[in-house]
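Fold and geometry: a report
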Amino acid sequence: MRIGIFGAGYVGLVTGTCFADLGHDVTIRDIVPARVEALRAGRVPIYEPGLKELIAKNAARLTFTTEIADVVRDADVLFVCVGTPPTHSGDADLSAVWTVVDELPQDDRRVVLVMKSTVPVGTGAKVRTALDERGLHNVGYVSNPEFLAEGSALSDFRNPDRVVIGAYEAADGDVVERLHQGIDTVFVRADVASAEMVKLAANAALAVRISFINEIANVCELTGADVNTVALGIGLDHRLGKHFLRAGIGFGGSCFPKDVSALKQLAGNAGYHFQLLASVIEVNELQKRRVIGKLQKHLGTVRDKRVALLGLAFKPNTDDMREAPSLVLSARLLAEGADVRVWDPVVEDLGQLPHGVVVCSSVEEALDGADAAVIVTEWDELKSVASADALARMRTPLIIDGRNLLDPETVRAAGFTYEGVGRAVGPAVSA
Ligand code: UDX
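Sequence positions are assigned chain by chain, starting from 1 and proceeding in written order. Only residues with pLDDT of at least 70 are given local features in this predicted model, and only at 80 or more are side-chain atom pairs given and counted; all residues enter the totals for whole chains, interfaces and linings. Only hydrogens and water are set aside when side-chain values are computed; all heavy atoms of the structure are taken into account.

A few words now on the pairing of strand β5 (residues 111-115). Counting buried positions along β5 gives five out of five residues, so the element sits mostly inside the fold. Of the pairings in the sheet, the one linking strand β4 (residues 77-80) to β5 comprises four bridges and is parallel in character. Within β5, the residue paired with Val80 across the bridge is Met115. A right-handed crossover is one whose linking path, passing over the helix from the first strand to the second, runs clockwise when the strands point away from the viewer. Numbering goes from the N terminus for both helices and strands, where a helix is a DSSP run of H or I of at least four residues and a strand is a run of E of at least two. Note on the crossover from β4 through helix α5 (residues 95-103) to β5: the handedness is right-handed. One requirement defines pairing of two strands: DSSP has to find at least two bridges between them. Bridging between β5 and strand β6 (residues 139-143) involves five bridges; their strand directions are parallel. Bridging from a neighbouring strand, Val112 pairs with Gly140 of β6. Running through helix α6 (residues 123-133), the crossover from β5 to the neighbouring parallel element β6 is right-handed. Relative accessibility decides the category of a residue: with a 1.4 Å probe and only protein chains considered, values under 20% of the type maximum give buried, values over 50% give exposed, and everything between is partly exposed.

Near the ligand you find 18 residues, and of these Glu150, Arg246, Gly252, Cys255 and Lys315 are the closest. Contact between the ligand and Phe147: an oxygen atom at 3.2 Å from a main-chain N or O atom of the residue. With respect to the ligand, the backbone of Leu245 contributes an N or O atom lying 3.3 Å from an oxygen atom. Using a 1.4 Å probe, the Shrake-Rupley method yields the accessible areas, and only the shown protein chains count as cover for residues. Protein chains bury 93% of the 660 Å² of accessible surface belonging to the ligand in isolation. Ranked by residue count, the leading element in the shell around the ligand is helix α9 (residues 192-223), at three residues. Its residues assigned to classes, the shell around the ligand comprises 10 nonpolar, two polar and six charged. Near is defined per residue: the residue qualifies when any heavy atom it owns lies within 4 Å of the molecule or strand. A 3.5 Å cut-off defines polar contacts: any pair of N or O atoms within that distance qualifies, except that in protein one atom must be a possible hydrogen donor and the other a possible acceptor, and neighbouring residues in sequence count only when both atoms are side-chain atoms. Note on residue classes: Ala, Val, Leu, Ile, Met, Phe, Trp, Tyr, Cys and Pro are nonpolar, Asp, Glu, Lys and Arg are charged, and everything else, Gly too, is polar.

The subject of this paragraph is the environment of Val192. Considering the arrangement of structural elements, one finds Val192 in helix α9. When its relative accessible area of 4% is taken as the criterion, Val192 is described as buried. Working rule for contacts: check all heavy atoms of both residues, and any pair within 4.5 Å makes them a contact. Excluding residues within four positions of it along the chain, Val192 makes contact with Gly124, Tyr141, Ser143, Gly166, Ala167 and Tyr168.

Our next topic: the packing of helix α12 (residues 275-299) against helix α13 (residues 325-335). Describing two packed helices takes the angle between their axes plus the distance from one axis to the other. To define axes, lines are fitted to C-alpha atoms, for helices over the stretch in contact only, and angles between the resulting N-to-C directions are given on a 0 to 180 degree scale. Orientation of α12 relative to α13, taken along the N-to-C sense of each, is 40°, at an axis distance of 8 Å. As far as their axial angle goes, α13 and α12 are oblique. The handedness of the crossing between α12 and α13 comes out as right-handed. Packed against α12, whose contacting residues are Lys288, Arg289, Val291, Ile292 and Leu295, the element α13 presents Pro325, Val328, Leu329, Arg332 and Leu333 at the interface. When the residues that make up the contact of α12 with α13 are grouped by side-chain class, the tally is seven nonpolar, no polar and three charged. Oblique is the label for any angle not covered by the other classes, which are roughly parallel (under 35 degrees), roughly antiparallel (over 145) and roughly perpendicular (65 to 115). What makes a crossing left-handed is the near helix being turned counterclockwise from the far one by less than a right angle; a clockwise turn instead makes it right-handed.

The subject of this paragraph is the side chain of Ser330. Secondary-structure assignment places Ser330 in helix α13. From its side chain, Ser330 meets the backbone oxygen of Ser326 in a polar contact 2.7 Å long. Ser330 has contacts with Leu309, Val340, Leu353, Pro354 and Val357, leaving out every residue within four places of it along the chain.

For each structure, a 1 Å grid was placed over the protein atoms alone; sets of points admitting a 1.4 Å probe that cannot get out are labelled cavities, open sets with protein on both sides within 12 Å along at least five of seven lines are labelled pockets, and lining residues have an atom within 4 Å of a point. Grid points are joined across faces, edges and corners, and a volume is the space filled by probe spheres set on the points. In this structure, the second largest pocket spans a volume of roughly 170 Å³. Around the second largest pocket sit Pro86, Thr87, Gly90, Phe251, Pro257, Lys258, Ser261, Ile281, Asn284, Glu285 and Glu323, which together line it. Those elements that provide at least two residues to the lining of the second largest pocket are α11 (256-269) and α12. In the lining of the second largest pocket, the residues fall into four nonpolar, four polar and three charged.

It is worth spelling out the pattern of salt bridges at this point. We define a salt bridge as a side-chain nitrogen of Lys or Arg found within 4 Å of a carboxyl oxygen belonging to Asp or Glu. As enumerated under the stated definition, the model contains 28 salt bridges in all. Where Arg189 meets Glu177, a salt bridge forms, and the shortest distance between an N and an O atom there is 2.8 Å. Of the two residues, Arg189 is situated in strand β8 (residues 186-190) and Glu177 in helix α8 (residues 170-179); the sequence distance between them amounts to 12 residues.

Once that is clear, we can look at the domain arrangement of the protein. Domains assigned within the protein are domain 1 (2-190), domain 2 (200-279) and domain 3 (287-419). The domain limits used here are those given by an automatic or database domain assignment. The centre of domain 1, based on its C-alpha atoms, is set 38 Å off from the matching centre of domain 3. Facing six residues of domain 1, the contacting portion of domain 3 comprises eight residues. Summed over both partners, the accessible surface that disappears when two parts come together, traced with a 1.4 Å probe, is what is meant by buried area. On the domain 1 side of the contact with domain 3, Tyr47, Glu150 and Gly151 bury the most area, a combined 82% of that side's loss. Where domain 1 packs against domain 3, one counts one salt bridge. For the salt bridge of Arg322 with Glu150, the shortest nitrogen-to-oxygen distance reads 4.0 Å. At the boundary of domain 1 with domain 3, the tally comes to two residue pairs in polar contact (both at pLDDT 80 or more). Split into classes, the residues belonging to the side of domain 1 that touches domain 3 amount to four nonpolar, one polar and one charged.

Moving on: the sheet that holds strand β9 (residues 306-310). Within a sheet, neighbouring strands are paired by backbone hydrogen bonds and run either parallel or antiparallel to one another. Read from one edge of the open sheet, six strands run β11-β10-β9-β12-β13-β14, paired in parallel fashion. Two strands bound the open sheet, and with one partner strand each, they are β11 (358-359) and β14 (417-419). In this sheet, strand β12 (residues 372-375) lies alongside β9 in parallel orientation, the contact comprising four bridges. What sits directly across from Val307, in β12, is Ala372. Against the sheet, α12 contacts β9, β12, β13 (398-401) and β14, and its axis sits at roughly 160° relative to β13. Where α13 meets the sheet, its contacts fall on β9 and β10 (339-343), and the angle it forms with β9 comes to roughly 175°.

Reading across from one edge, β3-β2-β1-β4-β5-β6-β7-β8 is the order of the eight strands in this open sheet, with mixed pairing throughout. The open sheet has two edge strands, β3 (62-65) and β8, and neither has a second partner. Neighbour-to-neighbour, the strand axes of the sheet open up by a mean angle of 25°, direction not taken into account.

Structural data, given as structure tokens:
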């Protein structure tokens, strides 16, 4: 089939490239000319393992353009993959979605408009009304939320747990289902509102689990239990499962913070106070800040102390820093008067970092003269961070492991003071 995609961001690029790989002809449109030029020249503006190679492999079936006419012409299906960032009120900003809907040209040909972007429940109904008011009865509407996780997006596309398709007309849903031929999965056929809710509810449920295990971790620290062992014991219960029980310094990224806030806001707008999600958000904010308390416990004040933040991305295998705990941590530490050094193996766009942070090009450089190293992102490169070299470089050999990446006993045996999340706590450095 011929597919048009609005938005050459993360979702649009992965979706378009994977559909091209399934044999479809795909045209991806973006409004940023530099992005389109880069893609035409084979440069991929985001870091996602395997994506660059897959784009190159499918070059003959992939076209990049800034022109709306190029996407719409001959297309059987049009995917909306534009950003829906949160507004100051916590609602989703749908302006990019509405621009797409408003720009659709008049045509008699049947085409199916598919919403991949995460939108509030009820958006599909509003878009349907807007299409009808413009006389675009030839345009079908389907909600087909994405569940791609950054870093594993290509395999998530090829081996999805399910594909959710919410349609007004069954035939339009059939078209979207047929697009996925070659993918072995369960198709959940739904009404549009339910499909929209599945996306928000799935992300909220995962966020609930993370905040839950983070609170269990905090209680473990006070009571002598070990959260990794507890998570194992919980996860083997088939009713609970083992995923998303890794305690840490809070969730970030482009989806969880935004979608949890959007669902809470959606509920509020409809007259319901979503108490649980309010707590999930609060727990997550506090979790990022607990690192400061751990540093203070060992160093007294952090004023004029050199702190190395290792990892900037919100998780490994991505260069995405949106809502990353590193942002809150670096800003808090600067506000406390610390000398903040940061390192990340992949992140290049440092525009979001607060002014005053020193960016280092190697772990060694970040650790030179440091009073503490904080593992913020569980990059593989950091598994060997507790080395003799690091011990010699650091002024105070203190490691705060925000991701429970290291083995406490090994690290302590190497001469470091170690503190993880939800693990047995050692004595303070100063003790
Ligand atoms: C997520 C969803 O997984 C995906 O389905 C949705 O479409 C977009 O949001 P992503 O944001 O790429 O994907 O990352 P994910 O791997 O889900 O992790 C999200 C955050 O939760 C990260 O900050 C991660 O560090 C944190 N996390 C995850 C934990 O703290 N503990 C866990 O056990 C799992």
